[in-house]
Amino acid sequence: MKIPFDKLDKAFENRLRLQIMSVLVANQRYDFNSLKDLLDITDGNLASHLKGLEKEEYILVNKSFLGRKPNTNYEATDKGKKAFAGHLDALEQLIKSTKS
Amino acid sequence: MKETDIQNDLASIRSLMERSSKFISLSGLSGILAGVYALIGAIAAYPLLHQAPVYQLSFGGGSYSPAVGYLDTSVSVLAPLFFIAVAVLVASLATGVLLTYQKAKRKGQKIWGKTSRELLFNMAIPLIAGGLLILIFIARGYFGIVAPASLIFYGLSLVGAGNFTFDGVKSLGLCEIILGLIAALYPGYGLYFWAIGFGVLHIIYGSMMYLKYDR
């Protein structure tokens, strides 16, 4: 039986990227520090995965200042949301095909 | 990629989508206790409120002598009523914060984060607007508005908060609004509606949340 691995999005191969994306799909926007607290990972780790998603054009970055502190917000693009939904569909099919 | 991997992925997605957008450490037990405090407050307020008409009696015909002590009712009744209301509010808030803090700790969720901030912000708007409106009306002598307005504005704040926490909060808010509107139709029974809205409904909601999420 052929399992449709090719439908899985390479950008979401890493669990953390998938987690970041699921937070951004569920919320209009999310800031860097809240994301870091939620996922409980280091600055560098989070930043590199965000950069990866940004390169795929799955997320948008908004930099602004709150007083004198930099505040970086992220939001999912339409392309990113579509890719996320497609990835979930593929995961669902995988589960179905392994069960049958 | 194995099946368990996929299932772990899906489980972590589901939990993150919920945790990132909803504050799920609200304690159900604190809802029950807040309801109990409100009922105690209502029982304490009951005799105070029923002295007020006595004052009017004695003022009109002077036929009822024990009322002499209540000549300045507006001050002597308002002050303890206000004290009871504030005491109930402070006790409820303190219990809520404490129990929610413990639950958040147990679940490993931060009590002060993006979701709790948005929850409080959305609750605060109708509460502050309503609170000020009620104080203004009290100052102008419209006491009848206190019970319906406080129920309605509290309900609105819960409906707003419902987007950031359990769905049950939204239903509780809708019940409070409906009750507030009914209370507005029946002036003079404010305390009863108040006891139902802040006491009974809180106890019902709190027990439902407790059975569903806390255990």
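Refer to the structure above for everything that follows.
Note that the structure is a prediction, hence the values are computed from the model and not measured.

Q: I'm lost on the environment of A:T72 in this one. Help?
A: Following the sequence through the fold, A:T72 ends up in strand 3 (residues 69-76). For the pair A:T72 and A:N62, spaced 10 residues apart in sequence, the C-alpha separation works out to 5.7 Å.

Q: Whenever I open this one, the packing of helix 5 (residues 114-139) of chain B against helix 6 (residues 146-161) of chain B confuses me. Can you help?
A: When two helices pack together, their arrangement is given by the angle between their axes and by how far apart the axes lie. Residue and element names in this part refer to chain B. Running from N to C, helix 5 and helix 6 cross one another at 170°; their axes reach a closest spacing of 7 Å. By the criterion of interaxial angle, the relationship of helix 5 to helix 6 is roughly antiparallel. Taken together, the residues of helix 6 that come into contact with helix 5 (itself represented by L119, N122, M123, P126, L127, G130, L133, I134 and I138) are V146, A149, S150, F153, Y154, L156, S157, L158, G160 and A161. Class assignment of the residues belonging to the contact of helix 5 with helix 6 gives a composition of 14 nonpolar, five polar and no charged.

Q: Which parts of the structure should I look at to understand the side chain of B:S25?
A: Tracing the backbone shows B:S25 in the loop between helix 1 (3-21) and helix 2 (28-49). Setting aside residues up to four positions removed in sequence, B:S25 forms contacts with B:T100, B:K103, B:A104 and B:Q109.

Q: What should I look at first to understand unusual backbone geometry in this one?
A: Trans is the common state for peptide bonds, and a negative phi is the common state for residues other than glycine. All names here are of chain A. The backbone of D40 shows a phi angle near 60°, a positive value even though the residue is not glycine. Tracing the sequence through the fold places D40 in the loop between helix 2 (32-39) and helix 3 (43-55). In this structure, E57 is a non-glycine residue whose phi angle is positive, near 65°. Along the polypeptide, E57 turns up in the loop between helix 3 and strand 2 (59-66).

Q: Please explain the interface of chain B and chain A as it appears in this structure.
A: The parts lose accessible area when they come together, and the size of an interface is often stated as this lost area. Taken together, the contacts link 19 residues of chain B with 24 residues of chain A. For the chain B face of the interface with chain A, the top three residues by lost area are B:L16, B:M17 and B:K114, together amounting to 28%. The tally of links between chain B and chain A comes to one salt bridge. Close ionic contact of A:R15 with B:D9 constitutes a salt bridge, the shortest N to O distance being 2.3 Å. One can count five residue pairs in polar contact (both at pLDDT 80 or more) joining chain B with chain A. For the side of chain B that touches chain A, the elements supplying multiple residues, two or more each, are helix 1 and helix 5 of chain B.

Q: It is not clear to me how the nonpolar core should be interpreted in this structure. Could you clarify?
A: Generally speaking, soluble globular proteins have nonpolar side chains that are buried together. Residues B:L151 and B:L158 are the most contacted members of the largest nonpolar core, which totals 28 residues. Counting residues per element, the ones that place at least two in this core are helix 2, helix 4 (73-107), helix 5, helix 6, helix 7 (167-185) and helix 8 (190-214) of chain B. Sorting elements by how many residues they give to this core places helix 8 of chain B first, with seven residues. If we skip the residues at most four places from it in the chain, B:L151 touches B:E176, B:I177, B:L179, B:G180, B:A183, B:F193, B:W194, B:G197 and B:F198. Of all hydrophobic cores here, the second largest spans 25 residues; its members include A:V23, A:F32, A:I41 and A:A83.

About the cut-offs
Residues numbered from 1 in each chain as written. Chains lettered and ligands numbered in written order. Predicted model: local features only at pLDDT ≥ 70, side-chain atom pairs only at ≥ 80, totals over all residues. Heavy atoms only, no water. Helix = DSSP H or I, 4+ residues; strand = E, 2+ residues; numbered from the N terminus. Axes fitted to C-alpha atoms, helices over the stretch in contact; angles between N-to-C directions. Parallel < 35°, antiparallel > 145°, perpendicular 65-115°, else oblique. Contact = heavy atoms within 4.5 Å. Nonpolar A, V, L, I, M, F, W, Y, C, P; charged D, E, K, R; others polar. Buried area = accessible area lost by both parts, 1.4 Å probe. Salt bridge = Lys/Arg side-chain N within 4 Å of Asp/Glu carboxyl O. Polar contact = N/O pair within 3.5 Å; in protein donor to acceptor, adjacent residues only side chain to side chain. Core = buried A, V, L, I, M, F, W, Y, C linked by side-chain atoms within 4.5 Å. Buried < 20%, exposed > 50% of the residue type's maximum accessible area, 1.4 Å probe, protein only.

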